[in-house]
Amino acid sequence: MSAPHRIRTVYWKELIDILRDRRTLIAMILVPIVLYPLLMLGSIQAVSYQSKSLEHEKVIIGVYKDSHRIMVQQLIGYDREALEAKRRAVLKETGKKPDLPEPFEDAKIVVFDTRDELEKSIEARRVQIGVVFDGDRLPDLNEYGRTIKLSLLADVEEVRSQSAADRFTAMVRRVSKRMLDLRLNHENLPEAFVDPVAVKTVNLSSPPSILGQILPLVLVLMTITGAIYPAIDLTAGERERGTLESLMVSPVPVIDLIVGKFLVVTTVAIMGATLNLASVTATVYFGGFNAIIAQHGQGVPIMTLVLILLCLIPFAVLMSAIMIAVCSYARTFKEAQNYVTPVILAVLIPGGIAALPATQLSGLMLVMPVGNMVLLTRDFLLGATIPWLTIGMVLVSTTLYAAAAVAVAANVFGKESVVFADAASFSSVFNRSLIRPAPRPSVSMALMIAAILFPVWFYVQGSLSPGPGESASDLLWGTARLMPVFFVILPLLLIAYWKINVVGTFSLRAPGVKYVVAALLIGASAWVPAHEIDVLQVHLFGLPDAIAQQFEAMQKMVSELSLPEAVLLIAIVPAVCEELFFRGLLLSGLSSAARKWTAIVTSAVVFGVFHFILFKIPVTVGMGVVLALLCWNSRSIVPSMLAHLLHNGIGAYTALHPEWQRVIGINDSESFAHLPVAVLGVGLVVFAAGLVLLRTPRVAGEPKASAASAP
Amino acid sequence: MDAVVADNLVKDFPTPHGGDKRAVDGLTFSVGAGQIYGLLGPNGAGKTTTLRMLSGLMAPTSGTAWIGGYDVATQPAEVKRVLGFLTANTGLYQRLTARESLVYFSRLNGLSRPDATARAAELIELLGIEAFADLRCGALSTGQKQRVNIARALVADPPILIMDEPTLGLDVLSNRVILEYIRRQRQAGKTVILSTHYLDEAEDMCDRIGLLHDGHLIAEGDIEHLRQLSGEHRLSNIFLSLIRADEQVEAMVS
């Protein structure tokens, strides 16, 4: 049976198994379908009932002088007049009876002896608001030249006091407007006299922004809740029920088991979240609550909900992968639950940061696990235009994290110390004295290191970007200093700690002569197909401004360097560091579980993604494949380093000597033009010759690469 | 060629206080093809650990083992294909029926869906599972579960079987069905390694017996050989006298 068949077998079995579990059904179906509508009905009705009852509750207004009591009553009388005037005006203009607020006639006014007593009563919540006037007489409505001055005492922490204060303020505003109208009328002045500038804010947010900010986080929670139970059941549960040993003696690679299980958890998480969302939607629409929500915004369009569901899939994938990885460490349900709790917190923190309105989907947030998905969902909901590059960054980094988590799970699941509680403790996984020397790193270790390095390197590059006034070449110098640390020294320390053979991992062997020749041919000519791919891309998709600026900035940076500097920074350092990392550590890690071409292509894709520029991905992935092939076939890192060095060296030289472009037949003004046929022909022939030489079968007498010793 | 070979197997477990506890101490034995080999010993003698190392579930601290000519450490995939392993206290998927479990494990062993269905039906008949084949495993009795478990170990019809206490906690009827089936496996030319607590069962079934104590073999051979060695007739007495002798030797050494 092939791997897809095995994964499918595991998938269907686990799906049936988990769906037959009463607990899954309760958590997945009963809770959303019954509980949510009930909760929602209950809470919405409670809220609307409360606000209704607040409106009709008799307001008690406190004053501390009898004269103030009379003034409040007068004010209420003025308001009645103002409302009446407004009603007449609207009726005359539109012919319809307007919907106006009710006058403040139901208020009860209580007179206290002192202001102090009044304030204490408000604090004690016996009285909702207090009114204190300056002076003891209110002017008439049409008495001009005086301002009524009053203080409104309220306890804004208390909802009844706040609500009464709001009503009182609105009333005062109506009276004020009425008095102003009368004054303007008396002086024969138009309304515009007091409103030289009129500002009207037009709300274009669609759907309401509160929804956009809260829903993504709710979504995270829904998806996590959906993933937790199946993840525990399918990993720790297997161990706890004693079925793990039977499974481990079946001739099925652990990775197939884990992938099958991971897909089931993803499925259940998506199903659960879909049901949740559907149930909430149904409640909102059929329960007539959309109108209530719409009072504070514009309601929720159905299309938005579809979008939310689409955003949910990468979420579910990542969360399921993380959950499976974490739960694979556990031997029992309880232990798994203990591991899951801090993970949920760890997930909520970036999610919470992302939910803050000011957070932007850029910089480090682009590659922040979970956080970037929350932001992407939020921006989607807010209807923002999101560049494809950003979407790509988020999806690629999320996929990378998910793949690493699944690989970790496959490495841990079924490990002796986890399978047998009596064998060793969990800590033995990290106990160096128990680590056995290995010829190569495992897939999970290689992917894990790559997944951690990805955001770190992105951040390092971002922080090195020159600010205004700084020299542009600082980026190149900084990169050249830090690249050996992150791509070589740190991985080397990890490799040494885990007792992994350094020579085997980095393929530090002397290459055969013909591979050196192949490397030189390829390195010298790879710019030809690379250039043509660039030209093709520009013809097909055009050159995005951002990319053009990036190219220009790069050109400028390089032009500040001398040739030896350029060769060091652009050719030597990247060639050595990137080869040791991508064709050394990553490729040899991948080769320990994947077939030749799977390993080569995967390493090339990761190599391409690490360049952070979408435009360059076709070329970098292509280069990655060729370099990986060089390393794999020669069993040595030297040829790929040579080819890389030569290729980048030519690039550096071209950047420093633009006249070189004319020599090879490219017009200065049009750098994305096809090469002259002669140059193209020769270049492709040399490149092909390198590939052919590379593919030629081994000469007799050369050591044959066995499956166990291939890089 | 011997079907199973253990060569100087050692297994150390780290203890919570640091240091190691040696569970299996230089174990060497071999089982010829078509034989039933009984691995006997008191609790904690290292039987289960030994069987787990033989099946590739556990990596030995040192030493090697071959199953059907394949090295357990370097050829785990081949070992899994020729080996049927019944672990002690095995669980079943509670929410699958016996039949579904058998089809699932047949599929994992590479059978196509029709073949897996046929194989499951065959095993259901052979082990007398018909009456409860379509009940969920969670609802089965101990004896019924154990029959399903044994059927599970046999889905791929492996030439070598390792069974860790296959009759533990079973009633007489289930016991008989299972032992009968194991005997039939031998007639079919299969090799069986059996670990058990029931001494008369071992006496009945096994061609050769290895007595395990404190992680090493204290005696090995057919029942006649063991009788001569200890001067006792009944296996339980042989067992006790040999263990006592071993403890005396160890006391003298230390």
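For the structure, see preceding data.
Here the residue index of a chain counts from 1 through its sequence in written order. To label them, take the chains in the order written and letter them from A, then take the ligands in the order written and number them from 1. Given that the model is predicted, a residue must reach a pLDDT of at least 70 before its local features are reported, and side-chain atom pairs must reach 80 or more before they are shown or counted; all residues, however, enter totals for whole chains, interfaces and linings.

### Describing the overall build of chain B
- Note on conventions: DSSP H or I runs of at least 4 residues are helices, E runs of at least 2 residues are strands, and numbering of each starts at the N terminus. Helix and strand counts for chain B come out as nine helices and 10 strands.
- Residues are scored as being in contact if the C-beta atoms we place from backbone atoms lie within 7 Å. A separation of at least 24 residues holds for 66% of the contacts in chain B among residues at least 6 apart in sequence.

### Structural notes on the packing of helix α14 (residues 388–412) of chain A against helix α16 (residues 443–464) of chain A
Residues and elements named next belong to chain A.
- For helices, the axis comes from a line fit to the C-alpha atoms of the stretch in contact; other axes are also lines fit to C-alpha atoms, and the angle between any two N-to-C directions lies between 0 and 180 degrees. Where α14 contacts α16, the axes come no closer than 8 Å and their chain directions differ by 150°. One element, α14, and the other, α16, form an angle in the roughly antiparallel class. Once α14 is placed against α16, the crossing between them reads as left-handed. Across the interface between the two elements, Ser 397, Leu 400, Tyr 401, Ala 403, Ala 404, Ala 407, Val 408, Ala 410 and Asn 411 of α14 pack against Val 443, Ser 444, Leu 447, Met 448, Ala 451, Phe 454 and Pro 455 of α16. An angle below 35 degrees is treated as roughly parallel, one above 145 as roughly antiparallel, one from 65 to 115 as roughly perpendicular, and anything else as oblique. Rotating anticlockwise by less than a right angle from the far helix to the near helix defines a left-handed crossing, while the corresponding clockwise rotation defines a right-handed one.

### Structural notes on the packing of helix α3 (residues 98–108) of chain B against helix α4 (residues 113–126) of chain B
Residue and element names in this part refer to chain B.
- Interhelical geometry of α3 versus α4 gives an angle of 130° and a closest axis separation of 8 Å. By the angle between their axes, α3 is oblique relative to α4. Between α3 and α4 lies a crossing of right-handed hand. Counted together, Arg 99, Leu 102, Val 103, Ser 106 and Arg 107 of α3 and Arg 113, Ala 116, Thr 117, Arg 119, Ala 120, Leu 123 and Ile 124 of α4 form the full contact between these two elements.
- Residues are grouped as follows: Ala, Val, Leu, Ile, Met, Phe, Trp, Tyr, Cys and Pro are nonpolar; Asp, Glu, Lys and Arg are charged; every other residue, Gly included, is polar. Residue classes in the contact of α3 with α4 are distributed as six nonpolar, two polar and four charged.

### Thoughts on the interface of chain B and chain A
- Taken together, the contact pairs 28 residues of chain B with 23 residues of chain A.
- Considering each element in turn, the side of chain B that touches chain A owes the most residues, four residues, to α3(B).
- Its residues placed into classes, the side of chain B that touches chain A shows 15 nonpolar, eight polar and five charged.

### Some details on the sheet that holds strand β8 (residues 191–196) of chain B
Residue and element names in this part refer to chain B.
- Only strands that DSSP links by at least two bridges are regarded as paired with each other. With mixed pairing, six strands are arranged side by side in an open sheet as β6-β7-β8-β3-β9-β10. Two strands close off the open sheet at either side, each with one partner strand: β6 (83–86) and β10 (216–221). If you compare each strand with its neighbour and ignore which way they point, the axes differ by 15° on average.
- Of the pairings in the sheet, the one linking β6 to strand β7 (residues 160–164) comprises four bridges and is parallel in character. Within β7, the position partnered with Phe 85 by the bridge is Ile 162.
- Here helix α8 (residues 223–230) sits on the sheet and contacts β9 (208–213) and β10; the angle it forms with β10, its principal contact strand, is near 115°.

### A word on unusual backbone geometry
Residues and elements named next belong to chain B.
- Backbone geometry places Glu 165, a non-glycine residue, at a positive phi of 50°.
- Of note, Glu 165 is situated in the loop between β7 and α6 (172–187).
- Exposure classes come from backbone-placed C-beta atoms, where a residue is buried if 20 or more other C-beta atoms lie within 10 Å of its own, exposed if 12 or fewer do, and partly exposed in between. Accessibility expressed as a C-beta count within 10 Å gives 20 for Glu 165, which makes it buried.
- Even without glycine at this site, Asp 214 takes up a positive phi of about 50°.
- Position of Asp 214 among the secondary structure elements: in the loop between β9 and β10.
- Asp 214 sits in the partly exposed class, given 18 other C-beta atoms within 10 Å.

### Side note on the nonpolar core
All names here are of chain A.
- Residues Met 323, Ile 324 and Val 406 are the most contacted members of the largest nonpolar core, which totals 220 residues.
- Per-element tally for this core: the top contributor is helix α11 (residues 302–328), with 15 residues.
- Here the limits of each domain have been adopted from an automatic or database domain assignment. Split by domain, the residues of this core number at least three in each of domain 2 (205–418) and domain 3 (435–711).
- Aside from chain neighbours lying at most four places away, what touches Val 406 is Ile 258, Val 259, Phe 262, Ala 321 and Ile 324. By definition, a nonpolar core groups buried Ala, Val, Leu, Ile, Met, Phe, Trp, Tyr and Cys residues that connect through C-beta atoms lying within 7 Å of each other.

### A word on the sheet that holds strand β2 (residues 20–32) of chain B
All names here are of chain B.
- Ordered by their spatial adjacency, four strands build an open sheet running β2-β1-β4-β5, and the pairing between neighbours is antiparallel. Sheet topology places β2 and β5 (70–71) at the edges, where each strand pairs with a single neighbour.
- Sheet topology places strand β1 (residues 2–14) next to β2; 10 bridges connect them, and they run antiparallel. When the sheet's bridge partners are listed, Leu 9 is paired in β2 with Leu 27.
- Set on the sheet, helix α1 (residues 47–55) makes contact with β1, β2 and β4 (62–67); between it and β1 the angle comes to about 120°.

### Thoughts on the pairing of β9(B)
Residue and element names in this part refer to chain B.
- Most of β9 sits out of view: five of its six residues are buried.
- Alignment of strand β3 (residues 36–40) against β9, held across four bridges, turns out to be parallel. Paired with Leu 40 across the two strands is Leu 211, which belongs to β9.
- Direction of pairing for β9 relative to β10: antiparallel, over a ladder of five bridges. Residue pairing across strands places His 213 opposite His 216, the latter belonging to β10.
- Joining the antiparallel neighbours β9 and β10 is a turn of two residues, in which Asp 214 adopts a positive phi near 50°.

### Examining the environment of B:Gly221
Residue and element names in this part refer to chain B.
- Checked against the element boundaries, Gly 221 lands in strand β10.
- Sequence separation of Gly 221 and Gly 210 is 11 residues, and the distance between their C-alpha atoms is 6.6 Å.
- Those residues in contact with Gly 221 that lie beyond four places of it in its chain are Arg 208 and Leu 226.

### Describing helix α1 (residues 3–19) of chain A
Residue and element names in this part refer to chain A.
- Multiply 1.5 Å by the residue count of a helix minus one, and that product is the helix's expected span. Helix length check: α1, at 17 residues, gives a terminal C-alpha distance of 24 Å against a target of 24 Å (1.5 Å per residue), a fit within 8%.
- Along α1, the positions that sit buried rather than exposed are Arg 6, Ile 7, Thr 9, Val 10, Lys 13, Glu 14, Asp 17 and Ile 18. Relative to the axis of α1, the buried residues are bounded by an arc of 160° and lie together on one face. Working definition: the arc comes from the directions between the helix axis and the C-beta atoms, pointing outward to the latter.

Everything listed here is a matter of coordinates, which is why it stays silent on function.
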